[in-house]
Amino acid sequence: MSARQTIAVLLAVIIAAAVTLPAQAQTARPAKPAAKTTPTPPTPSQSTSEPDVAYAAFQRGHFITAFTEATRRVETNGDPKAMALLGELYANGLGVPFNEQKAAEWYKLAADRGDRESMFQLAIFRFTGRGGPRDRDEAVRLFAAAAKLGHPAAAYDLGLLYLEGQQFPQDFKRAAELFGTSARAGSPEAQYVLATLYKEGYGVDKDPREAARWLGIAASGGNPDAEVEYAIALFNGTGVAKNEAAATALFLKSARRGNPIAQNRIAHILARGMGRPADPVEAAKWHLVAKAGGNGDPWLDEFVFKLKPEDRTAAQKAAKPWLDIIAAASP
């Protein structure tokens, strides 16, 4: 099992929220790590007042120009941001031959000069063994250094390692501190995990209001799991004012994006007429879609079975485009 899978399993154990909707209690999937194997574009250089031609060329997709200008800037100014850009180009084969070893070398040069993005990217390389041997100790050191300089993803990944408890003793309090740093810097993934810790009381005092607040922020930031969890909190009035209509709108939004949990929830809502008028055909449609996506429900099975034949046929017809997509995506 990979470190990422281990973390996911651990979070799955942590997340055990009771949901008061009539459906079987379920919760959204645990958060996935933010660490990337593909670097993000470096920020423009601040080490010189001249326009950052290399970065501008990179943004426009003119990678050969970006490589030429970044090389010139390294030779002229020893600019760590230009070094980071060269690492990015080699790491992805953009304008130059794909070469992870050279990417790691450029990231290291920039990291040694205090560039936090390069510290983070090099940490990913060391953690995964890209561009050289795996070295988890060095990866952790680099994550910590980047997090200290305010890198949100580095703080998030370091927090996950404290949850995992393999590289060093498991420490929920330290993990919560790191997730808080990343969450306040705007990471929706960290916001979601921080909300989970507040909900369950791991590393922080149990606080449904703080949990709901961070879930709402993470949902607004586009985290799909937080969107479903926040909808559940709104529907039940857990840590936030009860608002079935707003919850239903969120469930429907997530259902349309393919989330089986949201599809199951909206099926119950439409079957029972909670938060909006009952709609048996739509309820049955979403149940069929959720079930095909792995989220079965005996109560809804019976509900669909008892529908008028014409309503059941209409639901099956409405669900068919979704079912075809799910079937096509199956192994």
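What comes next concerns the included structure. Since we're looking at a predicted model, the values are computed, not measured.

1. Examining the overall build of the protein chain
Helix and strand counts for the protein chain stand at 17 helices and zero strands. Taking all 331 residues of the protein chain together, 49% fall into the buried category. Considering only contacts in the protein chain between residues 6 or more positions apart, those separated by 24 or more positions represent 53%.

2. Quick word on the packing of helix 3 (residues 63–77) against helix 4 (residues 80–92)
Where helix 3 contacts helix 4, the two axes come as close as 8 Å, and the packing angle between them is 145°. The two elements helix 3 and helix 4 cross, and the hand of that crossing is left-handed. Counted together, Phe 63, Ala 66, Phe 67, Ala 70, Thr 71, Arg 73 and Val 74 of helix 3 and Ala 82, Met 83, Leu 85, Leu 86, Leu 89 and Tyr 90 of helix 4 form the full contact between these two elements. In the contact of helix 3 with helix 4, the residues fall into 11 nonpolar, one polar and one charged.

3. Some thoughts on helix 10 (residues 188–200)
For helix 10, built from 13 residues, the straight-helix expectation of 18 Å at 1.5 Å per residue is met to within 8% by its first-to-last C-alpha distance of 18 Å. Counting buried positions over the 13 residues of helix 10 gives 12, a clear majority of the element.

4. Focus on the packing of aromatic side chains
Within the structure shown, the criterion is met by 10 aromatic pairs. Above the face of the Trp 299 ring, Arg 272 is positioned so that its terminal group lies 3.9 Å from the ring centre. Geometry around Trp 286 places Lys 285 over its ring, the cationic atom sitting 4.1 Å from the centre.

5. Let's talk about the nonpolar core
Membership of the largest hydrophobic core comes to 92 residues, with the highest contact counts inside it found for Phe 143, Leu 158, Phe 179, Phe 251, Ile 266 and Trp 286. Ranked by residues supplied to this core, first place goes to helix 8 (residues 152–164) with nine residues. The residues touching Phe 143, leaving out its near neighbours within four places in the chain, are Phe 120, Ala 123, Ile 124, Phe 127, Ala 154, Asp 157, Leu 158 and Leu 161.

6. Some thoughts on helix 17 (residues 309–329)
Helix length check: helix 17, at 21 residues, gives a terminal C-alpha distance of 29 Å against a target of 30 Å (1.5 Å per residue), a fit within 8%. The sharpest bend along helix 17 comes to roughly 45°, located at Lys 320, with the proline Pro 321 sitting one to four residues further on.

7. Quick look at the pattern of salt bridges
Using the criterion set out here, one finds 17 salt bridges in the structure. A salt bridge links Lys 306 to Glu 302, with the nearest nitrogen and oxygen atoms 2.9 Å apart. Salt bridges sharing partners connect three or more residues here, namely Glu 227, Lys 253 and Arg 257.

8. Let's talk about the side chain of Gln 263
Along the chain, the position of Gln 263 falls in helix 14 (residues 260–272). Under the relative-accessibility criterion, Gln 263 is labelled buried at 2%. Within the structure, Gln 263 has its side chain in polar contact with the backbone oxygen of Ala 255 (distance 3.1 Å). With residues near it in sequence (within four places) discarded, Gln 263 still touches Ala 255, Gly 258, Trp 286, Val 289, Ala 290 and Trp 322.

The rules behind these values
- Residues numbered from 1 in each chain as written.
- Predicted model: local features only at pLDDT ≥ 70, side-chain atom pairs only at ≥ 80, totals over all residues.
- Heavy atoms only, no water.
- Helix = DSSP H or I, 4+ residues; strand = E, 2+ residues; numbered from the N terminus.
- Buried < 20%, exposed > 50% of the residue type's maximum accessible area, 1.4 Å probe, protein only.
- Contact = heavy atoms within 4.5 Å.
- Axes fitted to C-alpha atoms, helices over the stretch in contact; angles between N-to-C directions.
- Left-handed = near helix turned anticlockwise from the far one by under 90°.
- Nonpolar A, V, L, I, M, F, W, Y, C, P; charged D, E, K, R; others polar.
- Expected span 1.5 Å × (residues − 1).
- Phe/Tyr/Trp six-rings, centres within 6.5 Å; stacked < 30°, edge-to-face > 60°.
- Lys NZ or Arg CZ within 6 Å of the ring centre and 35° of its normal.
- Core = buried A, V, L, I, M, F, W, Y, C linked by side-chain atoms within 4.5 Å.
- Bend = angle between axes of the 7 residues up to and from the residue.
- Salt bridge = Lys/Arg side-chain N within 4 Å of Asp/Glu carboxyl O.
- Polar contact = N/O pair within 3.5 Å; in protein donor to acceptor, adjacent residues only side chain to side chain.

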